Structure formats: C-alpha cells, structure tokens
Amino acid sequence: MIAHKEVQELRSQTRGVAQVVHFNNAGSSLPADVVVDTVIDYLREEAMAGGYETEAKYQPQIDAVYDRIATLINAERDEIALFENASAAWGTAFKGLSFQEGDEIITSEMEYVTNLIGLADTQQLGGVKVKVIPNDEHGNFSMSDFEQSVTPQTKLIAVTHVSSSGGSILPIEEIGKVAESRGILYLVDACQSVGQMPLDVQKIKCDMLSVTGRKYLRAPRGTGFLFVKKSSLDKLKPVLMDFLSAGNVSLSGYTIRQDARRFELYEKNRALTLGLGKAVEYALGIGLDRIWARIEYLSGIMRSALAEIPGLRVHDFGDHKSGIVTFTLDGTESLELKIKLAAAGINVSVGGAQATPIYMEKNQLSTVVRASVHYYNTEEEIELLCRAIAAM
Ligand SMILES: Cc1ncc(COP(=O)(O)O)c(C=O)c1O
C-alpha cells in the first residue's frame, strides 16, 4: 500500500490539496501539478507557434498517449480512440451497433443515465427488449439471474462497472466469461473505475469499454477514451467520420482506417490529450494495485466513521464497495449538507436520482451525499469531514 510518507510526497505534487479537502473525486478529482503544467505549457506554445505547427512538433508525444492508455488497460494502441468524455465514448460504441427487432440487451440496475437513454431509445424505436438484472437482497449483481436471462436473442450485454451512486462493484470478469462463451457483444462503462483500480480488458473479455479522464484518472476535464477490441472493430459503424477515419474518399465510397481511431474526429484539444497522457503515466508510476489498496482502506475508514454519526445512514450495499461513499443525514437535505461542507472547505457532491434512476428509485432515494476518496486523501481529512457533519 502507499505509505504515509509517500502520500505526503504525492500531496506535495498537487497544489489543490493545500486549498481544499476534496472528496469529489467521482465528480472530478484534483489533477497532479505535472498534468496541469503539461496542458498550460502546451497551450502557451501553441499560442506562440501555431496550432498545427505545435502539433507536428509534439506528434510523438501525442501518439504515445495511445500507448500509455493501452498499457493502463492491457490493450493495444490501435484499440484506443480518444473522446471528450465517457458519454461520447459509450454512445459511439452503442450507436455504432445495429439491432434488429427481437434482439435483447442485458443491463443492470446500476446503469448510468446516459446509457439508459440510449437503451430506452433502442427499446422504444427498434423493437429491442432491454432486460435489467436487479441486484439481489445483499445489493450484489446476481450472476444466476443474469445467466438465466441470457437467450439466443441476447445481442449485447451493457453494464457499468462502478456506479456513480454507490452500490456494489459489478463482477465484470465473471460477466465477460459468459459473454465470451455465448458469443455476445459486451460493452463496459468503466467511467468510475479506471484509475481507481486495476483493469485489464483481456481479463474482462469486453468488446468495448468507455472511460472518462477527469474522475479517478486525475486527467483534465474534457478527456476520455473508448477501447474497441480489434476483432470487434468492424461490428461497429462509426457514427461520425472525417478524413482521419477514412481515406480515398469519393462519392462512390471510401476506405475506412483499420484501427479504433476510425471512431475519432481529427479536431480535438491536443493540450488536453497530452494532459490525459501525463495523468495516465502518473497513475502507472504509482501502480493501480497500490492506488486501489489505499482507496479501499480510506473508503473503509470513512464508511465506519460516518456510520457512528447519529442520524447518518450509509447507503453503499453489496460485498464489493468502491471509493464512492454515499449517505444521507436525517433531517438535512443532501444539497444543504453539501453547501455547509463547502463553506467549511470540504468538497462532496450530491448524487441525484437522475444519475442512476433504476437503482435510486428501487431504494427510494431522491438524493444521496457522495463523498468519494482518492489515494491523496488522508485519515485527517476524513476526521474533518465527520466532525463537520457531526457538528450539524
Ligand atoms: C458510471 C458513469 N458512467 C458514465 C458517466 C458519464 O461520464 P461523462 O460525464 O464523462 O460523459 C458518469 C459520470 O458521472 C458515470 O458516473
């Protein structure tokens, strides 16, 4: 695990921690200084030398971002496409698939709102049946219910690894084994898990995986990526294309490029791309196993300490919990609690019912306070949070 001395060292590399107690890592975490400096330095150079000229100079570093991401998730560089966020990445994968009437899609009750919108559209407009696997009485994804739901009509399994509103971590490797053995396409939303815990697409056996940069990866806002397994590339039709995606363009057709960058558009913010690459490099330098061990440790402490506060209810069910801690305080609105904590220099967020509608409705929750820990948080910060809440 990351030792106390190293935590202090890592904190000294993040200006923000001196300013605020940040427990909104599931929203957007504090970036390391090196990430911020990479972005700003690039933008300054671009302003002085020209956008295309600066890009040409940094092309090797920009290309290396794909290698870093590939290393992070054990993929190949040509299986990675860059996006501005996880929704665009997930939507590109999902909308690229073609469904026929009678097809079935399996998802879980923890699915994120953007994904549910896509699933709802497909169900209503395309005659496709979406089956939702409810969590069991312990809050865990039920593998037996899932396996019973798979039929010859199942075209896609689309699940969220770590939900934005608490709940148990989904057994994505177990699900992947079923997907592979039944030859079903498998799309994983890893928006909250990449950067938080080790993740290996070979083990997950997914065809597609969508990720954002700003959360546990500590990359700048406006970054994200999509993994598409090489052998599944041609199963998705790119939604939007430009000259990066295709060549030999004429009115009678074009030649599509042979890697996942066919799903990208050429124009994007190169400074942010380099910032994303730096953030991935930084996380790899620490080690995802060690990051995850510390997050598990800190979130465990936080849940136990919060549970001691009279009137406070922690809402994270299930056997495998993430760094996202959700709770409510009797008699205090979640938003009011967030505002009061912000006044005390502590950032938390409010998870509304709209983010994970099926889960929140089932558990009769309209909002939860979400305090999400990262490895750079400390035991003292958790104490501060609990004292501030107890004083309310
Ligand atoms: C589980 C999950 N999936 C997808 C998203 C969407 O990510 P983005 O805002 O980068 O599009 C979020 C955002 O909170 C999320 O928590």
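Please read all numbers here as calculations on a predicted model, not as lab measurements.

### Re empty space enclosed by the protein
- One pass over the full model with this rule turns up one cavity of 30 Å³ or more.
- Around the largest cavity, the lining residues are Gly195, Tyr216, Leu217, Arg218, Ala279, Tyr282, Ala283, Ile291, His374 and Tyr375.
- The dominant element in the lining of the largest cavity, judged by the number of residues it contributes, is helix H9 (residues 270–286), at three residues.
- Taken together, the residues of the lining of the largest cavity sort by class into seven nonpolar, two polar and one charged.
- Taken domain by domain, the makeup of the lining of the largest cavity includes at least three residues from each of domain 1 (4–23 + 287–390) and domain 2 (38–285).

### Thoughts on the layout of surface pockets
- As a volume, the largest pocket reaches approximately 490 Å³.
- As for the largest pocket, its lining consists of 25 residues, and the residues nearest its centre are His161, Ile169, Leu170, Glu173 and Met197.
- Put simply, the parts of the chain that give the lining of the largest pocket at least two residues each are helix H3 (51–73), helix H7 (172–182), helix H8 (201–204) and helix H10 (288–307).
- Here the lining of the largest pocket spans two domains, since at least three of its residues come from each of domain 1 (4–23 + 287–390) and domain 2 (38–285).
- Approximately 410 Å³ is the volume found for the second largest pocket.
- If you go around the second largest pocket, you meet 21 residues; those closest to its centre are Leu82, Phe83, Glu84, Leu265 and Lys268.
- Elements supplying a minimum of two residues to the lining of the second largest pocket: strand E2 (80–83), helix H4 (86–95) and H9.
- When the residues that make up the lining of the second largest pocket are grouped by side-chain class, the tally is nine nonpolar, seven polar and five charged.

### Quick look at the packing of aromatic side chains
- If you walk through the whole model with that rule in mind, you get seven aromatic pairs.
- Ring centres of tyrosine 42 and tyrosine 58 lie 5.3 Å apart, and the angle between their planes is 65°; on these two criteria the pair is classed as edge-to-face. Pair noted here: tyrosine 42 is in helix H2 (residues 33–49) and tyrosine 58 is in helix H3, with a separation of 16 residues, a long-range link. The pair formed by tyrosine 42 and tyrosine 58 is uniform in burial state, with each residue classed as buried.
- In textbook terms, an aromatic cluster arises when at least three aromatic residues are bridged by ring pairs, as seen for Tyr52, Phe243 and Tyr266.
- The ring centre of tyrosine 266 lies 4.7 Å from the NZ or CZ of arginine 270, which sits over that ring.

### Remarks on the side chain of arginine 270
- By secondary structure assignment, the location of arginine 270 is in helix H9.
- Given a relative accessible area of 8%, arginine 270 falls into the buried group.
- Within the structure, the side chain of arginine 270 is placed 2.7 Å from the backbone oxygen of lysine 268, a separation counted as a polar contact.
- Setting aside its immediate chain neighbours within four residues, arginine 270 contacts Tyr42, Glu55 and Ile62.

What counts as what
- Per chain, residues are indexed from 1 in the order of the written sequence.
- Where totals are concerned, whole chains, interfaces and linings use all residues; where local detail is concerned, this predicted model gives features only for residues with pLDDT of at least 70, and gives and counts side-chain atom pairs only at 80 or more.
- Hydrogens and water molecules were not included; the side-chain quantities draw on all heavy atoms of the structure.
- Lining residues are those with an atom within 4 Å of a point, where the points come from a 1 Å grid over the protein atoms alone and group into cavities, where a 1.4 Å probe fits but cannot get out, or pockets, open sets with protein on both sides within 12 Å along at least five of seven lines.
- Grid points are joined across faces, edges and corners, and a volume is the space filled by probe spheres set on the points.
- Labels follow the DSSP assignment, with helices taken as runs of H or I lasting at least four residues and strands as runs of E lasting at least two, numbered in each case from the N terminus.
- Each residue gets one label: Ala, Val, Leu, Ile, Met, Phe, Trp, Tyr, Cys and Pro are nonpolar, Asp, Glu, Lys and Arg are charged, and the others, such as Gly, are polar.
- All the domain ranges listed were derived from an automatic or database domain assignment.
- Note on aromatic contacts: the rings of Phe and Tyr and the six-membered ring of Trp form a pair at centre separations within 6.5 Å, being stacked when their planes are under 30 degrees apart, edge-to-face when over 60 apart, and tilted otherwise.
- Burial classification: accessible surface area is computed with a 1.4 Å probe over protein chains only, and a residue below 20% of its type maximum counts as buried, one above 50% as exposed, and the rest as partly exposed.
- Only Lys NZ and Arg CZ are tested; either one counts as a charge over a ring when it is within 6 Å of the ring centre and within 35 degrees of the ring normal.
- Between N or O atoms, a polar contact is any pair within 3.5 Å; within protein, one atom must be a potential hydrogen donor and the other a potential acceptor, and residues adjacent in sequence are included only when both atoms are from side chains.
- In what follows, a contact means two residues having at least one pair of non-hydrogen atoms within 4.5 Å.

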